[in-house]
Amino acid sequence: MRSKHVRMLARTVMVHNNDIEKSYNLLNRILSNEGIVNEAQRLKYFEKPCVQRNRLCFERCRRIYDSEMKRKVNLLSRKNRVDPHPR
Amino acid sequence: MSSLKNLLWTASRQYTSLLRNGLNVQTVQCASLCSSKCLRSDVSKVNVAELVDRTEEAGVTKSSLEENISDDGNVKKTKYNIPRMDRDLMPGGEFIPGEEIYEHTVDGVKYEDLPRIFIKATMQNTLASAFVKNNGIASQTGGLCGFKNSKKKSNVCGQTVGFAIGSDVLKKGHKNVCVVVKGVGAGRLPAIKGIQMAGLNIISITDMTYPMVSGRQRKPRRV
């Protein structure tokens, strides 16, 4: 791949049959997953250091909570578990 | 000589550790022992018979090591093809382009040479400009389309700007177009829709918002 086009192709989405909304939604999903939309919103105004510290702390806690919750849900909803009441 | 023995011993240990983990011979070769640090010094002076003896102690098959070393005692360099990613398994599927895009042609025009419409959707305004091979064709803004003051930041303005630039490009004789969007404003999606309404075929949508700050931003608003 040519190096000068990598930046261009990194966030390119092809359109099939002039169906814009499908590919635009896909692009938006990619952007929100990578946190670019949030970052653009955040960099609008200056972020004070105390606010930044609080935000990072909050994000850290949230990540831990999410991963633990995901683990818990997976444990409960696992399918091939042993039958607890065998006859 | 003692240092060379040590080097050989580390090399054979690497091989055994890889093989014990249940890897195939091919994957072990892919680990490229030839380019590892321990074998980089004076490979040509290696005594092959000595090396094979060590491997028998460790329980490694002879053939896997002998493949890499030729009769002269030099280490062969073999090339391995990196397997291509399966298109269907990728997260975007067929929507995300790969290397093949450079061979892709639309109505006999290469993908690189297609006209590109750059849309800059800011909070206050929507700007659009069209280029073919880095030569400007047309440009439109909210002000040129007849919007004034705070109406420039509405999504109606974005749609008219998109329609205007679409019809400009169509007049120059281009039918297929790539769109590059920048910024998170109200006229982001409406501008793309306006281009389509003008009668152009959109082939790809690219996002180029790279939020970057030089210096210190403005003070946050007190609401």
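Going by the structure above, here's the rest.
Calculation criteria
- Within each chain, residue numbers correspond to sequence positions counted from 1 in written order.
- By the order in which they are written, chains take letters starting at A while ligands take numbers starting at 1.
- The model is predicted, so local features are restricted to residues of pLDDT at least 70 and side-chain atom pairs to those at 80 or more, both for listing and for counting; the totals for chains, interfaces and linings are taken over all residues.
- Excluding hydrogens and water, the side-chain figures rest on all heavy atoms present in the structure.
- Residues forming no salt bridge and having over 30% relative accessible area are the ones grouped into patches, like charges within 9 Å of each other and nonpolar side chains (Val, Leu, Ile, Met, Phe, Trp, Tyr) within 5 Å.
- For the area figures, the Shrake-Rupley method with a 1.4 Å probe applies, and any residue is considered shielded solely by the protein chains shown.
- A side-chain nitrogen of Lys or Arg and a carboxyl oxygen of Asp or Glu constitute a salt bridge if their distance falls within 4 Å.
- Asp and Glu are treated as the negative residues and Lys and Arg as the positive ones, with His and the ends of the chain left uncounted.
- All charge positions are set by atom: Lys at NZ, Arg at CZ, Asp at CG, Glu at CD.
- Working definition: with a 1.4 Å probe on protein chains only, accessible area under 20% of the residue-type maximum means buried, over 50% means exposed, and in between means partly exposed.
- To qualify as a helix, a DSSP run of H or I must reach at least 4 residues; to qualify as a strand, a run of E must reach at least 2; elements of each kind are numbered from the N terminus.
- The criterion for strand pairing is that DSSP finds at least two bridges linking the strands in question.
- Throughout, an axis means a line fitted to C-alpha atoms (over the contacting stretch in the case of helices), and angles, computed between N-to-C directions, take values from 0 to 180 degrees.
- Contacts are assigned to residue pairs with any non-hydrogen atoms lying within 4.5 Å of each other.
- Values labelled buried area give the accessible surface lost by two parts on being combined, using a 1.4 Å probe and summing over both.
- Each residue gets one label: Ala, Val, Leu, Ile, Met, Phe, Trp, Tyr, Cys and Pro are nonpolar, Asp, Glu, Lys and Arg are charged, and the others, such as Gly, are polar.

*Asks:* In this structure, what is going on with a positive patch on the surface? I would like to understand it.
*Replies:* A surface patch of positive charge is lined by K44 and K48 of chain A together with K153, R216, R218, K219, R221 and R222 of chain B. With relative accessibility at 58%, the residue K219 of chain B sits in the exposed group.

*Asks:* What am I meant to see in a nonpolar patch on the surface here?
*Replies:* Together, Y65, M69 and V73 of chain A make up an exposed nonpolar region whose accessible area comes to about 310 Å². Note that M69 of chain A resides in helix α4 (residues 49–76).

*Asks:* Looking at this model, I keep getting lost on the sheet that holds strand β7 (residues 201–207) of chain B. Mind explaining?
*Replies:* By way of backbone hydrogen bonds, the strands of a sheet pair with one another, either parallel or antiparallel. Taken together, the six strands give an open sheet; going across it, the order is β1(A)-β7(B)-β6(B)-β3(B)-β4(B)-β5(B), and neighbouring strands pair in mixed fashion. The sheet is open, and its two borders are formed by β1 (12–14) of chain A together with β5 (135–141) of chain B, each paired with just one other strand. On average, each strand axis in the sheet is tilted by 20° relative to the strand beside it, whichever way the strands run. Of the pairings in the sheet, the one linking strand β3 (residues 116–121) of chain B to strand β6 (residues 176–182) of chain B comprises five bridges and is parallel in character.

*Asks:* I would appreciate a short explanation of the interface of chain B and chain A in the present structure.
*Replies:* Interfaces are frequently sized by the accessible area removed from exposure as the parts join. Contacts between the two partners involve 40 residues from chain B and, on the opposite side, 30 residues from chain A. With both chains or domains summed, chain B and chain A bury close to 3,700 Å², and 63% of this area falls on carbon and sulfur atoms. The largest contributions to the chain B side of the interface with chain A come from F95, Y102 and I205 of chain B, which together make up 20% of the buried area. Connecting chain B to chain A are two salt bridges. K193 of chain B is the partner of E21 of chain A in a salt bridge, and the nearest nitrogen-oxygen pair spans 3.0 Å. Ranked by the residues each element gives to the side of chain B that touches chain A, the list is headed by β7 of chain B, at seven residues. A breakdown of the residues in the side of chain B that touches chain A according to their chemical character gives 21 nonpolar, eight polar and eleven charged. In terms of strand pairing, β1 of chain A meets β7 of chain B through three bridges, oriented antiparallel.

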